[in-house]
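Architecture at a glance
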Amino acid sequence: MRNPALVLPDAMKGIQDIYKAMYQGGVAPRLLELVHLRASQINGCSACVFAGVRGARKHGETEERLHAVAAWREAPFFTDEERAALELTEAATRIADRSGKAVPDRIWDAAADHFTEEQLSAIILMIALTNFFNRLNTTIEEPAGTAW
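The notes below deal with the structure included here. (Residues numbered from 1 in each chain as written. Predicted model: local features only at pLDDT ≥ 70, side-chain atom pairs only at ≥ 80, totals over all residues. Heavy atoms only, no water.)

1. What about the overall build of the protein chain?
- When helices and strands are counted, the protein chain shows eight helices and zero strands.
- Its helices and strands in sequence order give the protein chain the pattern α-α-α-α-α-α-α-α, from N to C terminus.
- Its C-alpha atoms give the protein chain a radius of gyration of 15 Å, within 12% of the compact-globule value 15 Å for 148 residues.
- With the C-alpha coordinates of the protein chain rotated into their principal frame, the extents come out at 40 × 30 × 30 Å.
- Per-residue burial over the protein chain gives 43% buried out of 148 residues.
- When contacts within the protein chain are restricted to residue pairs at least 6 apart in sequence, long-range pairs at least 24 apart make up 66% of them. (Helix = DSSP H or I, 4+ residues; strand = E, 2+ residues; numbered from the N terminus. Rg over C-alpha atoms; globule rule 2.2 N^0.38 Å. Buried < 20%, exposed > 50% of the residue type's maximum accessible area, 1.4 Å probe, protein only. Contact = heavy atoms within 4.5 Å.)

2. With respect to the side chain of Gln-119
- Mapped onto the fold, Gln-119 is located in helix 8 (residues 117-139).
- Reaching out from Gln-119, the side chain makes a polar contact with the backbone nitrogen of Thr-116 at a distance of 2.8 Å.
- Discounting residues that sit within four places of it in the chain, Gln-119 has contacts with Gly-25, Gly-26, Val-27 and His-114. (Polar contact = N/O pair within 3.5 Å; in protein donor to acceptor, adjacent residues only side chain to side chain.)

3. Regarding the packing of helix 3 (residues 29-43) against helix 4 (residues 46-58)
- At a minimum axis distance of 8 Å, the contact between helix 3 and helix 4 shows a crossing angle of 160 degrees. Between helix 3 and helix 4, the crossing angle belongs to the class labelled roughly antiparallel. Of the two elements, helix 3 crosses helix 4, and the hand of that crossing is left-handed. Facing Glu-33, His-36, Leu-37, Ser-40 and Gln-41 of helix 3, the residues of helix 4 in contact are Cys-48, Val-49, Ala-51, Gly-52, Val-53, Gly-55 and Ala-56.
- Here the contact of helix 3 with helix 4 is built from residues that sort into six nonpolar, five polar and one charged. (Axes fitted to C-alpha atoms, helices over the stretch in contact; angles between N-to-C directions. Parallel < 35°, antiparallel > 145°, perpendicular 65-115°, else oblique. Left-handed = near helix turned anticlockwise from the far one by under 90°. Nonpolar A, V, L, I, M, F, W, Y, C, P; charged D, E, K, R; others polar.)

4. A word on helix 4
- Here helix 4 is 13 residues long and its end C-alpha atoms lie 18 Å apart, about the 18 Å a rise of 1.5 Å per residue gives.
- Here helix 4 has its buried residues at Ala-47, Cys-48, Gly-52, Val-53, Gly-55 and Ala-56.
- Residues of helix 4 that are buried in the fold lie against helix 3, helix 5 (63-68) and helix 8.
- Taken from the residues just after helix 4, Gly-60 is the one with a positive phi, measuring 95 degrees. (Expected span 1.5 Å × (residues − 1).)

5. Examining the nonpolar core
- Formed by 30 residues in total, the largest nonpolar core has its most connected members in Phe-78, Leu-88, Phe-115 and Ile-123.
- Mapped onto this core, the elements with two or more residues apiece are helix 3, helix 4, helix 5, helix 6 (80-93), helix 7 (105-114) and helix 8.
- No other element matches helix 8, which puts six residues into this core.
- Judged by nonpolar contacts, the second largest core, of eight residues, contains Met-12, Cys-45, Ala-47 and Phe-133. (Core = buried A, V, L, I, M, F, W, Y, C linked by side-chain atoms within 4.5 Å.)

See below:
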């Protein structure tokens, strides 16, 4: 089956508007791509991991850092700002893995120390859209390298 967002063209119009707004939120595209990549790794979406690596490279990401995204906590390559975004990504992606708040206060506080409300909005939209597409692509078994 083709991607449902492509089968129903009106769905893609709305998605494209969200992407446009998200990239105008004041967050470096390279960081948004790291967020996308990390959520896709967690969800096991090979098509989105492939697209995330390609997108991150396009925005100047290094191979060294791309190889370390899955182990960002232990890797020395990420700034405090990037770490805050990646931790927020993990919390918001793994909402079923915890009881209580989906995103604990300490994670929100760390993110708020580095990002404005507009920037946080862009990051949260990237997390949500990535999780959305991860679910679409894993459901229809979109192979890596074929996602649009």
